[in-house]
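The chain contents come next:
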Amino acid sequence: MAASSLPAPGTKYGPCADPCQHTDCAATRAMADRNCAGCADKIGYDQRFFCEDDGSLLHLKCWQPDNPPSPQFDPSSNPALDNRKLPRNQRSGRSIHW
Ligand SMILES: [Zn+2]
Ligand SMILES: [Zn+2]
């Protein structure tokens, strides 16, 4: 189980802000539009989430840490997470460091 997040549309690594035909953009939008298995809200952008073994998606903030996953997530593999603020996570009052 690995954590990741989706860069917001219009940002350097995010999908186009306007409708487009790019396969990558469509894939990112489709994933952001999926519902969290915990809170049933959309996964959305700039939120850390897990992709579970069964393929369902779960916000990091909605995940109940019964069995903490090993911190296999490598930020260097996703430069979109570098030097970026995550305002929604900050608003939750929690800071999570791997
Ligand atoms: Zn695009
Ligand atoms: Zn959720």
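Residues numbered from 1 in each chain as written. Chains lettered and ligands numbered in written order. Predicted model: local features only at pLDDT ≥ 70, side-chain atom pairs only at ≥ 80, totals over all residues.

**What about the overall build of the protein?**
Defined as follows: Comment: elements are numbered from the N terminus, with helices defined as DSSP H or I runs of at least four residues and strands as E runs of at least two. The contact rule is simple: place each C-beta atom from the backbone, and if two of them lie within 7 Å, those residues are in contact.
Along the backbone of the protein there are two helices and three strands. For the protein, the sequential pattern of α-helices and β-strands runs β-α-β-β-α. Restricting the contact set of the protein to residue pairs at least 6 apart, pairs at least 24 apart contribute 46%.

**A short note on the sheet that holds strand S2 (residues 49–51)**
Keep this limit in mind: Pairing between two strands is assigned when DSSP locates at least 2 bridges connecting them. Where helices are involved, their axes are fitted lines through C-alpha atoms of the stretch in contact, as for all axes, and angles between N-to-C directions lie from 0 to 180°.
Taken together, three strands build an open sheet; the order of strands is S1-S2-S3 and the sheet is antiparallel. The two strands at the open ends of the sheet, each matched to only one other strand, are strand S1 (2–4) and strand S3 (57–59). Across the sheet, the mean angle separating the axes of adjacent strands is 35 degrees when strand polarity is ignored. In the sheet, S2 pairs with S3 via three bridges, with the strands oriented antiparallel.

**Some details on the nonpolar core**
Keep this limit in mind: We define the nonpolar core as any set of buried residues of the types Ala, Val, Leu, Ile, Met, Phe, Trp, Tyr and Cys, connected via C-beta atoms lying within 7 Å of each other. Burial in this document is a count-based property: other C-beta atoms within 10 Å of a residue's C-beta are tallied, and the residue is buried at 20 or more, exposed at 12 or fewer, or partly exposed in between, with C-beta positions derived from the backbone.
Membership of the largest hydrophobic core is limited to five residues, which are Ala3, Cys36, Phe49, Phe50 and Leu58. Residue contacts for phenylalanine 49: discarding those within four places in its chain leaves Ala3, Ser4, Ser5, Ile43, Leu57, Leu58, His59 and Leu60.

**Focus: the environment of cysteine 51**
Within the secondary structure, cysteine 51 is located in strand S2. Accessibility expressed as a C-beta count within 10 Å gives 16 for cysteine 51, which makes it partly exposed. The residues touching cysteine 51, leaving out its near neighbours within four places in the chain, are Ala2 and Leu57.

**Remarks on the environment of alanine 30**
Inspection of the secondary structure assignment puts alanine 30 in helix H1 (residues 23–32). Taking the number of C-beta atoms within 10 Å as the measure of exposure, alanine 30 has 10 and is therefore exposed.

**Observations regarding unusual backbone geometry**
In this structure, alanine 40 is a non-glycine residue whose phi angle is positive, near 70 degrees. In this fold, alanine 40 is placed in the loop between H1 and S2. The backbone phi angle of aspartate 46 is positive, close to 60 degrees, even though this residue is not glycine. With respect to the helices and strands, aspartate 46 occurs in the loop between H1 and S2.

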